[in-house]
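# Examination of the molecular architecture
The primary structure of each chain is shown beneath.
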Amino acid sequence: MFPNNWKFVVASAMVFPSVHAFVAHPYAHAVDSREQQAYCAYIGEQAQAQRDLLRTPIASAGMTQPETGLPLQVVAGASVGLSSIRKAGLTMDAARTECELYKATTGAQQNVQYALPSLEKEALRNRLVLIEQASKSLDALMDKTSKMVEAKNATRLMLFSLQTTKIKLDADQADTRSRITALYAPPLSDKPLKELVAEKLNSEGSEQRALDKLSRQNNWDVALSVGIHQQVNPIAQGAQPYGAVSVNYNFASRAIDKHLDHAVEAHDEWKKAQEGDVVRNVEVLRQQLVESISVQEAKLKSLRQEGENIDENLQLVVTPDTSAAFDFHNQLTAAKLLLEIETGDARFRIERLREYLAKNY
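To keep things clear, this report deals only with the structure shown in the data block.

Thresholds, definitions, all that
Residues numbered from 1 in each chain as written. Predicted model: local features only at pLDDT ≥ 70, side-chain atom pairs only at ≥ 80, totals over all residues. Heavy atoms only, no water. Disulfide = S-S within 2.5 Å. Helix = DSSP H or I, 4+ residues; strand = E, 2+ residues; numbered from the N terminus. Buried < 20%, exposed > 50% of the residue type's maximum accessible area, 1.4 Å probe, protein only. Patch = residues over 30% accessible without salt bridge, like charges linked within 9 Å, V, L, I, M, F, W, Y side chains within 5 Å. Areas by Shrake-Rupley, 256 points an atom, 1.4 Å probe, with all protein chains shown as cover. Salt bridge = Lys/Arg side-chain N within 4 Å of Asp/Glu carboxyl O. Core = buried A, V, L, I, M, F, W, Y, C linked by side-chain atoms within 4.5 Å. Contact = heavy atoms within 4.5 Å. Axes fitted to C-alpha atoms, helices over the stretch in contact; angles between N-to-C directions. Parallel < 35°, antiparallel > 145°, perpendicular 65-115°, else oblique. Left-handed = near helix turned anticlockwise from the far one by under 90°. Nonpolar A, V, L, I, M, F, W, Y, C, P; charged D, E, K, R; others polar.

Applying the stated criterion across every chain yields a total of 1 disulfide. Covalent S-S linkage joins C40 and C99, the inter-sulfur distance amounting to 2.0 Å. Between C40 and C99, the disulfide has an S-S torsion of 90° and is therefore right-handed. Remark: C99 occurs in helix α2 (residues 82-113) and C40 occurs in helix α1 (residues 34-55); sequence separation between them is 59 residues. Grouping residues by exposure puts C40 and C99 together as buried.

A few words on a nonpolar patch on the surface. Where nonpolar side chains cluster on the molecular surface, the patch consists of L82, I85, W220, Y249 and F251 and spans about 590 Å² of accessible area. When you line up the elements, L82 lands in helix α2.

A134, L138, M142, L162, L169 and I341 are the most contacted members of the largest nonpolar core, which totals 16 residues. Counting residues per element, the ones that place at least two in this core are α3 (115-150), α4 (156-182) and α8 (323-360). It is α3 that contributes the most residues to this core, 7 residues altogether. For M142, the residues in contact, after removing those within four places along its chain, are L159, L162, Q163 and K166.

To continue, consider the packing of helix α7 (residues 278-316) against α8. Where α7 contacts α8, the axes come no closer than 8 Å and their chain directions differ by 155°. Between α7 and α8, the interaxial angle falls into the category roughly antiparallel. The way α7 lies across α8 gives a crossing that is left-handed. The residue makeup of the contact of α7 with α8, split by class, is 17 nonpolar, 7 polar and 12 charged.

Turning next to the packing of α3 against α4. Here α3 crosses α4 at 160°, and the two axes come no closer than 9 Å. Here α3 is positioned roughly antiparallel relative to α4, judged by the angle of their axes. Pair α3 / α4 crosses with left-handed handedness. Of the residues in the contact of α3 with α4, the class split is 13 nonpolar, 7 polar and 11 charged.

Structure representation (structure tokens):
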């Protein structure tokens with residue numbers, strides 16, 4: 001004999017087949033990176049599992065003896081809540097917004113992270129072009145000097161001075177190529193940073209609103225339960241159906257909704273102040289770009305002054321008529337070639353940095 005009001009219930013979820021076959025995840029996009037596709041696939045599968053759990057009726061079976069002296073009964077049925085069905089759809093919406101937020105965030109982060117390395121690689125490639133141009137000019141000057149050495153109109157010391165400059169150019173070229181290979185900069189989005197940040201902020205707002213709607217569903221529920229009960233001892237003829245409707249409402253729902261609204265606003269303010277967030281990092285990058293332009297402008301001003309001094313001295317030996325004048329002319333020309341590399345490099349960096357600032361901010 002079982003104790004009075006004893007009840008044993010076994011509940012299980014009736015698993016229905018999924019509507020979508022996620023061979024290619026619906027949130028994935030052809031232009032997204034593999035990382036983004038993998039994350040969205042992960043989020044999608046998690047959301048589908050939760051969706052199936054929420055929208056599927058719960059089957060229950062058990063034995064009960066309502067009161068002392070009444071026969072033992074077997075009870076079997078199923079129940080489903082309207083709030084759970086609503087939450088199933090909202091769960092998928094939240095997963096979609098989280099996927100979009102992840103793509104927008106990682107896309108903006110990548111552009112910020114690799115902006116300076118990408119610009120540096122461009123500047124180094126331009127430097128290689130400048131070195132190549134200077135090398136050709138120096139080779140022509142060395143060839144002319146070599147012929148004069150053979151004609152006994154110049155000394156080997158003059159040629160050696162030019163060879164020393166050639167060594168410097170070759171070393172600079174090798175170092176520049178080494179620096180290029182050491183820098184990693186993946187293909188970046190053509191969209192300006194201001195647009196990427198705006199997309200990220202919009203995605204954050206969408207995600208927070210989706211989560212807010214999902215949380216609000218916990219404030220109420222209307223559940224429907226149906227089934228049958230059968231007398232066991234002694235066995236009765238025929239099973240008796242039963243049905244029940246229950247309504248649940250949380251009296252603190254208005255206060256809860258108000259806190260959820262404030263949480264969305266607080267989240268926006270937190271993201272704007274967060275040191276590691278994209279919005280903050282974009283501003284840090286802008287400051288770095290402005291300071292870099294200032295440094296390069298100061299460098300270019302100094303280089304131009306040096307160039308003016310070299311040009312003034314070259315005017316003194318435009319047509320050298322002695323070996324000493326020719327040697328001085330060669331040294332000035334070699335120095336000017338080296339200076340033109342630095343001047344062209346600084347000018348290119350300033351122009352490129354200004355273009356980047358104008359486009360992205």
